[in-house]
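Secondary and tertiary structure notes
Next come the chains, spelled out residue by residue.
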Amino acid sequence: MQFAEIPGLDELKQSLVASYKNNHIAHAQLFNSAMGGGGLPIAMAFATYLLCQNKGDQDSCGQCANCQKMAKLIHPDVHYIYPKPSASKSSDYEKLQAETLKKWRTFAVEKPYSDIDDWISYNGYENKNVLISREDSRNIIRTVSMKSFEGDFKILIIWYPEFMHPAAANGILKVLEEPPTQTIYLLVSYAYDNLLATIKSRTQIFNVTPFKDEIIKNYLIEKKGIDQTNAEKVSRLANGSLGKAFYELDHADNMAYESFRNWMQICLKADYSGMLHFTDDFVRSSKPQQRNQLEFALTLIRDAILSKADNDQLVNREGAEGEFIKKFGGFASLAALEKIYTNISAAMGHLTRNASPRITFMNLSLQCSKFLRS
Ligand SMILES: [Zn+2]
């Protein structure tokens, strides 16, 4: 990954490059990234830049042996720590580590804008508890105590440090505090508020802001060959997340729209067995799918509210979706739409905190039904 492959975030890229040029690289850096934002790509691009044997003024060369190894995440001096299930016996750790590392390399190269739910469903870990374990922390301590292979920097990229088990945190804090020379820790967090204060206080913090709609749109057009209309639509739905933009592209949102429309009709009719069917479908879908479904519902309701408030020019929907939004805004009161909006947001919050999808979705359906019929 090179800086040039990541859209936007120019100031952040420049300050990282400047830290190298001025010989002021903080040994522990924390990228406080928006969901679906550039946290992991920035960490990988910075590691590539630091190891590049033929650095340019702004970026790594992309050609030298180190850049090529970094493109496949196989450089021996860069280590990746990410949440995974813990090994049942400590003797199984090496095996588990080797297995997940293979998957990690493909995942991080192909889907660097993903989040933990994507990683969980990528590996089929839905029924497992993933974390950065005590074994991981031992492994980190072992790794930093060894010499680097190529004599340059040794870099540890820690993805989702908020998933660190408390027993792992102590060991990691120790190495953050007393790093061997030329060792650099790049922590990539997506839930800054959940991070231990002791970790925050030992790192230099960089905010990786959500991508602007315009940046996402241009990226989709220029790098992914998406047409203007689609790129505009997807960038607006993506809410600053490239991960979400890719998801939207993969799952033509026609299906999401049909499903939302049917759901609302069932709620309006107070059709309880229909709600149960919908709840079953919801429970069967993966976590990222559940979240995207609700996010999509939020954008439709938001548009219905805007359309009702006579702000039609802000609503960028065509065809059946546009018709539906007008109709929906026509019969549901503004108060009902706002309450539905608030309840869907709250349900998303509950799901991130691991509430039962079945209870959350069924409750949400009952609430929507009440608001629509009031
Ligand atoms: Zn290079």
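These figures come from a predicted structure and were not determined experimentally.

Thresholds, definitions, all that
Residues numbered from 1 in each chain as written. Predicted model: local features only at pLDDT ≥ 70, side-chain atom pairs only at ≥ 80, totals over all residues. Helix = DSSP H or I, 4+ residues; strand = E, 2+ residues; numbered from the N terminus. Buried ≥ 20, exposed ≤ 12 C-beta atoms within 10 Å, placed from the backbone. Contact = placed C-beta atoms within 7 Å. Expected span 1.5 Å × (residues − 1). Arc of directions from axis to C-beta. Pairing = 2+ DSSP bridges. Axes fitted to C-alpha atoms, helices over the stretch in contact; angles between N-to-C directions. Core = buried A, V, L, I, M, F, W, Y, C linked by C-beta atoms within 7 Å. Domains from an automatic or database assignment.

Some details on the overall build of the protein
Per the secondary structure count, the protein includes 17 helices and seven strands. Overall size of the protein, expressed as C-alpha extent along the three principal axes, is 70 × 45 × 30 Å. Split into buried and exposed, the 374 residues of the protein put 39% on the buried side. Considering only residue pairs separated by 6 or more positions, the protein has 76% of its internal contacts joining residues 24 or more positions apart.

Examining helix H6 (residues 134-145)
At 3.6 residues per turn, the α-helix brings residues three or four places apart onto the same side. A rise of 1.5 Å per residue sets the reference length of H6, with its twelve residues, at 16 Å; its end C-alpha atoms lie 17 Å apart and thus fit the reference within 8%. Every buried residue of H6 is accounted for by Asp136, Ser137 and Ile140. The buried residues of H6 occupy an angular sector of 100° when the element is viewed end-on, so they sit on one face. Away from its buried face, by an angle of more than 90 degrees, H6 presents the exposed residues Arg142 and Ser145. Buried residues in H6 make contact with strand S2 (78-81), strand S5 (154-159) and helix H7 (166-177).

Focus on the sheet that holds S2
Taken in spatial order, the five strands of this open sheet run S2-S5-S6-S1-S7, and their pairing is parallel. Two strands lie at the open edges of the sheet, namely S2 and strand S7 (204-208), each paired on one side alone. Put simply, the sheet's adjacent strands are angled 20° from each other on average, direction ignored. As defined by bridge partners, S2 adjoins S5 across four bridges and the pair is classed as parallel. The residue of S5 that forms the bridge with Ile81 is Ile158.

A few points about the nonpolar core
Membership of the largest hydrophobic core comes to 53 residues, with the highest contact counts inside it found for Phe31, Ala43, Phe46, Ala47, Ile157, Leu186 and Val188. Considering each element in turn, this core owes the most residues, ten residues, to helix H2 (residues 39-51). Setting aside residues up to four positions removed in sequence, Ala43 forms contacts with Phe31, Ile157, Leu186 and Val188.

Looking at the domain arrangement of the protein
Under the domain assignment, the protein is made up of domain 1 (3-209) and domain 2 (251-373). Each of domain 1 and domain 2 has a C-alpha centre, and these two points are 37 Å apart. Residue-level contacts link four residues of domain 1 with four residues of domain 2.

Quick word on helix H9 (residues 213-224)
With twelve residues, H9 should cover 16 Å at 1.5 Å per step; its first-to-last C-alpha distance of 15 Å lies within 8% of that length. Residues of H9 that are buried make contact with helix H10 (228-237) and helix H11 (242-250). Count one or two residues on from H9 and you reach Gly225, which has phi positive near 65°.

Considerations on the pairing of strand S1 (residues 28-33)
Where burial is concerned, most of S1 is hidden: six out of the six residues are buried. The two faces of S1 match: Ala28, Leu30 and Asn32 on one face and Gln29, Phe31 and Ser33 on the other face are all buried. As defined by bridge partners, S1 adjoins S7 across five bridges and the pair is classed as parallel. Paired with Ser33 across the strands is Val208, a residue of S7.

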